[in-house]
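Residues per chain are reported as follows:
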Amino acid sequence: MKIPIHTPSRSYNVHIGQGDLEEAIKTYQQFIVERDKVIVFTDENVWRIYKDAFTKSFPFPFSVFVMPGGEACKTFEQYLAAQTFLLEQKCTRKSMLFAFGGGAVGDLTGFVASTFMRGIPIIQLPTTILAHDSAVGGKTAINHALGKNMIGTFYQPEGVIFDIEFLKSLPAQEVRSGMAEVVKHALISDMVWLQELMELPPMFNLDDEKTMGYLEHGIRVKANIVAQDEEEHGVRKFLNFGHTYGHALEAAFGFGKLTHGEAVMIGMVYALLLSEKYGQISRSFTKEFLLFAICNKYPVESVANFNFDELFEFMQKDKKAEDGELQFVLLKDIGKPFTQRISRSECQETDLLLRE
Ligand code: NAD
Ligand code: ZN
């Protein structure tokens, strides 16, 4: 299945399939054979599991750059190490990169691709459910000690190839993490779909058909938004639903201790509580959603590790902060996101509610 993505800077396809990496990559054959070097970026966890399978099905000569797993690859050190590797490999503007891994590998590789010799092409080969979000839309970034994703670019890939065979090894915590972004796409777009997701058995229990269907649905929601607003001047902000509080939690814990999706799920409960004041979200819906989060083992109780002041400080550093007030994405109703400035005292009241 192919989902076309159209942005002002580039149009490309997201391919979703099963066990067909080799075939799907060959659709880029003409483009790839014109490159002087092909470099695959991956992380040590993914490479440990898939080195043989990948090498067998990747139909072109390549060199590989292996990074530490998770957020540990989204650092200045890894960025520098990656650029050094490309220079040592004698890469040029005619070279290209593949990002084989989750969102962290995708974000780092995208940032490297966008800056190496002012930009070389990249194809994303995502290996997590979460990456249905991160691999599409062209945001790239590394982290800074003072904030997550603070250093980055908008840079669209040449294409995205999702082979769901690579998702089979995902631990439960990473399935949970990825499904949080799927749920986010439902919350901001579609009540019926959200209901379906909330009725899945605990820990989601996804088969191949459901996995492909949810990836496709999420990507279509994102594609539609990114087509209207590539660089987040307007509607693209809606994709940050749950992320202001979520990013603060992630940063407070130290990157990587709480998965991105776990943090976003808690952030979405927080954003729903805030939404009750501004729209038609009822307390009973928020409670139902909280129960859904708890049943799927999202660590909502971990909020107790920090006090409000600590989290607020991180929220203020978030790039969405303006003039002391925080800009949140809220819901008028399911599927109806909007942005709203929220004062510190409202943030604190809501934080108290979440801890009850
Ligand atoms: P990740 O890349 O850190 O992967 C999570 C963990 O799973 C890592 O330890 C990784 O080694 C391991 N892993 C990956 N694939 C595996 C597989 N198939 N089998 C077993 N283990 C596997 O994280 P992620 O959850 O995919 O992505 C999170 C990152 O994505 C965050 O840094 C977040 O900021 C970023 N993100 C970016 C965007 C964007 O638009 N650019 C959107 C959402 C999230
Ligand atoms: Zn996210």
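In this text the structure is predicted, and so the values were computed from the model without any measurement.

Basis of the calculations
- Residues numbered from 1 in each chain as written.
- Chains lettered and ligands numbered in written order.
- Predicted model: local features only at pLDDT ≥ 70, side-chain atom pairs only at ≥ 80, totals over all residues.
- Heavy atoms only, no water.
- Axes fitted to C-alpha atoms, helices over the stretch in contact; angles between N-to-C directions.
- Helix = DSSP H or I, 4+ residues; strand = E, 2+ residues; numbered from the N terminus.
- Left-handed = near helix turned anticlockwise from the far one by under 90°.
- Contact = heavy atoms within 4.5 Å.
- Nonpolar A, V, L, I, M, F, W, Y, C, P; charged D, E, K, R; others polar.
- 1 Å grid on protein atoms, 1.4 Å probe; cavity = no way out; pocket = protein on both sides within 12 Å on 5 of 7 lines; lining within 4 Å.
- Points joined across faces, edges and corners; volume = space filled by probe spheres on them.
- Phe/Tyr/Trp six-rings, centres within 6.5 Å; stacked < 30°, edge-to-face > 60°.
- Lys NZ or Arg CZ within 6 Å of the ring centre and 35° of its normal.
- Domains from an automatic or database assignment.
- Buried area = accessible area lost by both parts, 1.4 Å probe.
- Salt bridge = Lys/Arg side-chain N within 4 Å of Asp/Glu carboxyl O.
- Buried < 20%, exposed > 50% of the residue type's maximum accessible area, 1.4 Å probe, protein only.

Contact pair helix α8 (residues 191–198) / helix α9 (residues 208–228): the axes reach a minimum separation of 13 Å and the direction vectors enclose 145°. Here the hand of the crossing between α8 and α9 comes out left-handed. Across the interface between the two elements, Trp 193, Glu 196 and Leu 197 of α8 pack against Tyr 214, His 217, Gly 218 and Val 221 of α9. Grouping the amino acids of the contact of α8 with α9 by side-chain chemistry returns four nonpolar, two polar and one charged.

Another aspect to go through is empty space enclosed by the protein. Counted according to the given criterion, the structure contains five cavities of 30 Å³ or more. By volume, the second largest cavity is sized at about 60 Å³. Every residue along the wall of the second largest cavity is listed here: Gly 106, Asp 107, Gly 110, Ile 122, Gln 124, Ser 134, Ala 135, Gly 138, Lys 139, Thr 140, Tyr 155 and Pro 157. For the lining of the second largest cavity, the element with the most residues is helix α5 (residues 103–115), which contributes three residues. Grouping the constituent residues of the lining of the second largest cavity by class yields four nonpolar, six polar and two charged.

The subject of this paragraph is the packing of aromatic side chains. For the structure shown, the criterion picks out 23 aromatic pairs. Judged by centre distance (5.0 Å) and plane angle (20°), the rings of Phe 54 and Phe 58 are stacked. Here the aromatic rings of Phe 100 and Phe 166 are separated by 5.0 Å at their centres, their planes lie at 80°, and the arrangement is edge-to-face. Of the two residues, Phe 100 is situated in strand β5 (residues 96–101) and Phe 166 in the loop between β9 (159–163) and α7 (172–187); the sequence distance between them amounts to 66 residues. Grouping aromatic residues by their ring pairs yields a cluster made of Trp 47, Tyr 50, Phe 54, Phe 58, Phe 60, Phe 62, Phe 98, Phe 100 and Phe 166. Seen from the ring of Phe 31, Arg 35 lies directly overhead, with NZ or CZ sitting 4.0 Å from the centre. The lysine or arginine in question, Lys 317, covers the ring of Phe 314, its NZ or CZ lying 5.2 Å from the ring centre.

You can read the domains of the protein as domain 1 (2–167) and domain 2 (172–355). Computed from C-alpha coordinates alone, the two centres of domain 1 and domain 2 are separated by 26 Å. Between domain 1 and domain 2, the residue contacts involve 33 residues of the former and 35 residues of the latter. Taking both sides of the interface into account, the surface hidden between domain 1 and domain 2 amounts to around 2900 Å²; carbon and sulfur atoms contribute 69%. The largest per-residue losses of area from domain 1 upon contact with domain 2 belong to Ile 129, His 132 and Lys 148, which jointly make up 22% of the total buried on that side.

Overall, the coordinates contain 20 salt bridges when judged by the stated rule. Two residues, Glu 276 and Arg 283, come together in a salt bridge whose shortest N-O distance is 2.8 Å. Among the residues examined, Glu 276 registers a relative accessible area of 17% and is labelled buried. Arg 283 sits in the partly exposed class, given a relative accessible area of 37%. Taken together, the shared-partner salt bridges connect Asp 133, Glu 181, Lys 184 and Lys 222 into one network.

As a further point, take the side chain of Glu 158. By the secondary structure assignment, Glu 158 is in the loop between β8 (147–154) and β9. Once residues within four sequence positions are removed from consideration, Glu 158 is found in contact with Arg 10, Tyr 12, Tyr 28, Phe 31, Pro 121, Ile 122 and Ile 123.

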